[in-house]
Amino acid sequence: MTHLSAFCAALLHATTTALARTWAILAFLALVTLVAELCQEAGIFELAGHHAARAARGSVLGLLGLVCGLAVVTTVGLSLDTTVVLVTPVALALVAGLDLPLAPFAYACVWLANGASLLLPIANLTGLLAQDRLGLSSAAFAARMWAPQLAVLVVTLAVLVLRHRASLAGRYQVPVEPPAHDRVLTGVGAVAAGVVAAGTVAGLAAWQAAAAATGLLVVAFGWRRPHAVRPGRLVRMVPWATILQTAALFVAVEAAGPLLRPLVAPAVGGHGQGLTPLLAAGGMAALAGNLLNNLPAYLLIEGSTQDRTHLLAVLVGVGAGPQVLLWGSVATLLWRDRVRAAGHRVDAWEFARQGLMLTPLAVGAGVAALALG
């Protein structure tokens, strides 16, 4: 009984400690999902896909570039989970409708969801976790991370195009008719999506910016399409299972952290600003992210260093690194589900093989850019 009481007390302490730090992050996850779902309801992503297909003028390579651009903008402004949940179906629908190769477009969505999540804290939950510890505003965060972000994007796009160059040489028939949409709702949706990113850069907490965008969308839908924002429907849009899973990961790391941190501390605990110690920190973060999932990996590692640059290298590792094993990030699991829902098989070994071509180069380039910055 004594041991059980001690266990329960320890678990309660871990839960309250973890949630006291992460409640705002979980609130952001819920609210930004509402923003994303309502933007999807307004037809923004479908319309963006149509305009991308027209703008590329029949070039498969050009269309891939525009889909990559959409994925990057969505990740930076609305988070990596939004990209895999909403941009992936658009890309897969384009593939099916235009009879294009699946692989480059599917991998573009997941690689850029993870790889484009370094610039702003809202793009990745690990960035939100790190922001308070780093003591950086969103603008200051972006000032430190723009070079690593650019380096990761260049490497990711290069690997994507070189790996799939044979299937990107063809052309397709340009679609003519745009999808039906409500211009008022698409306009308000575009503004609301911008509010999330602009609000955080302006100094709002991420959950506050997402709450403002959600309120704007609910008002607009209440005017134009009230059935879409019934309370019960909004509640069902919130990804409760993902939120509970994420909360459980936070609690588990809070409870097990004292036992596991000594295993990673030697690789990330240094204070040198040279390339080698930063590569060690980023590499350890990428490895831990793939093995454990990037959220617990970050929480496990962050206490092992007091050096700001080392912690930024860790963010590069847990952001661009977990692209080998499917459970490396929640976003990757969500991507797998969307690809399967579209009727395509996701092979874990093939995903790992593709990821191994990218991950060492992307993490290495991002950390090198950080070291030189």
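Residues numbered from 1 in each chain as written. Predicted model: local features only at pLDDT ≥ 70, side-chain atom pairs only at ≥ 80, totals over all residues. Heavy atoms only, no water.

## Remarks on the overall build of the chain
Here is the rule we go by: Only DSSP runs of H or I reaching four residues or more are called helices, and only runs of E reaching two or more are called strands; each is numbered from the N terminus. Note on method: radius of gyration uses C-alpha positions; expected globular size equals 2.2 Å times residues raised to 0.38. The cut-offs for exposure are 20% and 50% of the maximum accessible area for each residue type, with area from a 1.4 Å probe on protein chains only; residues under the lower value are buried, those over the upper are exposed, and the others partly exposed. By definition in these notes, contact holds between two residues if any of their heavy atoms fall within 4.5 Å.
For the chain, the count of helices and strands is 16 helices and 0 strands. The C-alpha radius of gyration computed for the chain amounts to 21 Å, which stays within 12% of the reference 21 Å derived for 373 residues, consistent with globular compactness. Overall size of the chain, expressed as C-alpha extent along the three principal axes, is 65 × 50 × 40 Å. Within the chain, the proportion of its 373 residues that are buried is 52%. Long-range pairs, those at least 24 residues apart, make up 81% of the contacts in the chain between residues at least 6 apart in sequence.

## Some words on unusual backbone geometry
For Asp 99, which is not a glycine, the phi torsion comes out positive at approximately 55°. Notably, Asn 293 is not glycine yet its phi reads approximately 105°, a positive angle. If you trace the backbone, Asn 293 turns up in the loop between helix 12 (275-292) and helix 13 (294-302). Here Asn 293 falls in the buried class, since its relative accessible area comes to 5%.

## Describing the environment of Gly 170
With respect to the helices and strands, the residue Gly 170 is situated in the loop between helix 7 (138-163) and helix 8 (183-201). Other than its neighbours up to four places away in sequence, Gly 170 contacts Gly 58, Ser 59 and Val 60.

## As for the pattern of salt bridges
Two side chains of opposite charge can pair, provided their charged atoms sit close to one another. Which entries qualify depends on this criterion: Throughout this description, the term salt bridge denotes a Lys or Arg side-chain nitrogen within 4 Å of a carboxyl oxygen of Asp or Glu.
As enumerated under the stated definition, the model contains 5 salt bridges in all. With a shortest N-O distance of 3.1 Å, Glu 41 and Arg 233 are connected by a salt bridge. With Glu 41 in helix 1 (residues 2-42) and Arg 233 in helix 10 (residues 231-237), the pair connects residues that are 192 residues apart, well separated along the chain. Assessed through its relative accessible area of 23%, Arg 233 is described here as partly exposed.

## Some remarks on the layout of surface pockets
To keep it simple, the criterion reads: A pocket, in this scheme, is an open set of points on a 1 Å grid over the protein atoms alone with protein on both sides within 12 Å along at least 5 of 7 lines, while a cavity is a set where a 1.4 Å probe fits but cannot get out; residues line either one if an atom lies within 4 Å of a point. Grid points are joined across faces, edges and corners, and a volume is the space filled by probe spheres set on the points. Put simply, Ala, Val, Leu, Ile, Met, Phe, Trp, Tyr, Cys and Pro go in the nonpolar bin, Asp, Glu, Lys and Arg in the charged bin, and everything else, Gly too, in the polar bin.
Estimated volume of the largest pocket: approximately 310 Å³. If you trace the largest pocket, you find 19 residues lining it, with Leu 128, Gln 131, Asp 132, Ala 205 and Ala 206 closest to the centre. Listing elements by their share of the lining of the largest pocket, those giving two or more residues are helix 1, helix 6 (125-134) and helix 9 (206-224). If one sorts the elements of the lining of the largest pocket by residue count, helix 1 sits on top with 6 residues. Grouping the constituent residues of the lining of the largest pocket by class yields 12 nonpolar, 5 polar and 2 charged. Contributing elements (two or more residues each) for the lining of the second largest pocket: helix 2 (44-55), helix 3 (60-78) and helix 8.

## Considerations on the confidence of the model for the chain
Keep in mind that low pLDDT regions are not for reading the predicted coordinates in detail. We apply this condition: pLDDT runs from 0 to 100 and stands for how confident the predictor is about each residue.
For the chain, mean pLDDT is 86; residues scoring 70 or higher make up 92% of the total. Of all secondary-structure elements in the chain, the lowest mean pLDDT belongs to helix 11 (residues 240-268), at 73, while helix 7 reaches the highest, 96.

## Re helix 8
Counted only if it meets this: Multiplying 1.5 Å by the residue count of a helix minus one yields the expected span of that helix. Bend at a residue means the angle formed by two fitted axes: the first through the 7 residues ending at that position, the second through the 7 residues beginning there. Here a polar contact means two N or O atoms within 3.5 Å. Within protein one must be a hydrogen donor candidate and the other an acceptor candidate, and residues neighboring in sequence count only if both atoms are side-chain atoms.
In this model helix 8 runs 27 Å from its N-terminal to its C-terminal C-alpha over 19 residues, within 8% of the 27 Å that 1.5 Å per residue would give. The sharpest bend along helix 8 reaches about 30° and sits at Val 195. Those residues of helix 8 that fall on the buried side of the exposure criterion are Leu 185, Thr 186, Gly 189, Ala 192, Val 196, Ala 197, Gly 199 and Thr 200. N-capping of helix 8 is provided by Asp 182, with a side-chain oxygen placed 2.9 Å from the backbone N of Val 184. With its phi angle positive at about 120°, Gly 203 sits one or two positions after the end of helix 8.

## Side note on empty space enclosed by the protein
Taken as a whole and assessed by the stated rule, the structure comprises 2 cavities of 30 Å³ or more. Taken as a whole, the largest cavity spans an internal volume of roughly 80 Å³. What lines the largest cavity is simply Leu 29, Leu 80, Asp 81, Asn 124, Leu 125, Thr 242, Thr 246, Asn 294, Leu 295, Ser 329, Val 330 and Ala 331. Looking at the lining of the largest cavity, the elements that each hand over two or more residues are helix 4 (80-98), helix 11, helix 13 and helix 15 (330-341). The class makeup of the residues in the lining of the largest cavity is 6 nonpolar, 5 polar and 1 charged. Computed from the structure, the second largest cavity encloses a volume of approximately 50 Å³. Lining of the second largest cavity is provided by Ser 117, Leu 118, Leu 120, Pro 121, Asn 124, Thr 126, Gly 127, Phe 141, Leu 315 and Gly 319.

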